[in-house]
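Inside the fold
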Amino acid sequence: MFNALSRGLLTSLRTAFAPSLSSASATFPLGLANGGRNTRWMPIFQTPAMLMGEIRGKCCLRTNKSAAKRFRVMGNGRIKRNKAGKRHNTGHKGRARVNRLSASAPITEKSIEKRMRRLIAA
């Protein structure tokens, strides 16, 4: 209930002081917004750049760096990956098999390709 009251107080103060304060210099103690726990100062009115940062943060995903190092987008738009099994223990494997493991391969399954595309933001 106290948070609802403090939110209502905060919005009424914003509307009351909006005409008299410029959007860049308007400040308000954060203590009232947080129920008196914090006494730092914060801007009442958000600049357009701050609002765009919030919107961008909600709509876009960050690139997963571990996936970006493992997968690449080829020229035709498909995603390529490296094959497993060539790092070590290759003494008993035939030369043709090791050479086959050296070549990269495309991701063939559509659902996995869609998931990788979302991870690497491609």
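Just so it is clear, the structure is predicted and the values come from calculations on it, not from any experiment.

Now for the side chain of Lys93. With respect to the element layout, Lys93 can be found in the loop between strand S4 (79-81) and helix H5 (95-102). Despite being buried, Lys93 has no salt bridge partner; Glu109 is the closest side chain of opposite charge, sitting 22 Å away. At 2.6 Å, the side chain of Lys93 and the backbone oxygen of Gly85 are in polar contact. Discounting chain neighbours no more than four positions away, the residues touching Lys93 are Gly85, His88 and Val98.

Take the pattern of salt bridges next. Under the counting rule described, the total for this entry stands at two salt bridges. Between Arg78 and Glu113 there is a salt bridge, with its nearest N and O atoms 4.0 Å apart. With a gap of 35 residues between them, Arg78 in the loop between strand S3 (72-73) and S4 and Glu113 in helix H6 (residues 110-119) connect regions that are remote in the sequence. A relative accessible area of 27% means that Arg78 is categorised as partly exposed. With a shortest N-O distance of 2.7 Å, Arg117 and Glu113 are connected by a salt bridge. In this pair, Arg117 and Glu113 both sit in helix H6, four residues apart, roughly one turn of the helix. On the basis of relative accessible area, Arg117 is assigned to the partly exposed category, the value being 25%.

Right, let's get into the nonpolar core. By size, the foremost hydrophobic cluster in this structure holds seven residues: Ala67, Ala68, Phe71, Ile79, Ile107, Met116 and Ile120. Excluding anything up to four places from it in sequence, Ile120 contacts Thr63, Ala67, Ala68, Val73 and Ile79.

Chain-level statistics for the chain give a pLDDT mean of 76 and a share of 52% at 70 or above. Within the chain, the element-level pLDDT minimum falls on strand S1 (residues 27-29), averaging 51, and the maximum on H5, averaging 97. Here residues 21-25 scores under 50 on pLDDT; set against residues more than four positions off or in separate chains, the count is four contacts.

Structurally, Ile79 is set in strand S4. Residues Ile79 and Ala105, spaced 26 residues apart in sequence, show a C-alpha to C-alpha distance of 8.6 Å. In contact with Ile79, not counting residues within four places along its chain, are Phe71, Arg72, Val73, Ala105, Pro106, Ile107, Glu113, Met116, Arg117 and Ile120.

How each quantity is defined
- Residues numbered from 1 in each chain as written.
- Predicted model: local features only at pLDDT ≥ 70, side-chain atom pairs only at ≥ 80, totals over all residues.
- Heavy atoms only, no water.
- Helix = DSSP H or I, 4+ residues; strand = E, 2+ residues; numbered from the N terminus.
- Buried < 20%, exposed > 50% of the residue type's maximum accessible area, 1.4 Å probe, protein only.
- Lys, Arg positive; Asp, Glu negative; His and termini not counted.
- Salt bridge = Lys/Arg side-chain N within 4 Å of Asp/Glu carboxyl O.
- Polar contact = N/O pair within 3.5 Å; in protein donor to acceptor, adjacent residues only side chain to side chain.
- Contact = heavy atoms within 4.5 Å.
- Core = buried A, V, L, I, M, F, W, Y, C linked by side-chain atoms within 4.5 Å.
- pLDDT = per-residue confidence, 0-100.

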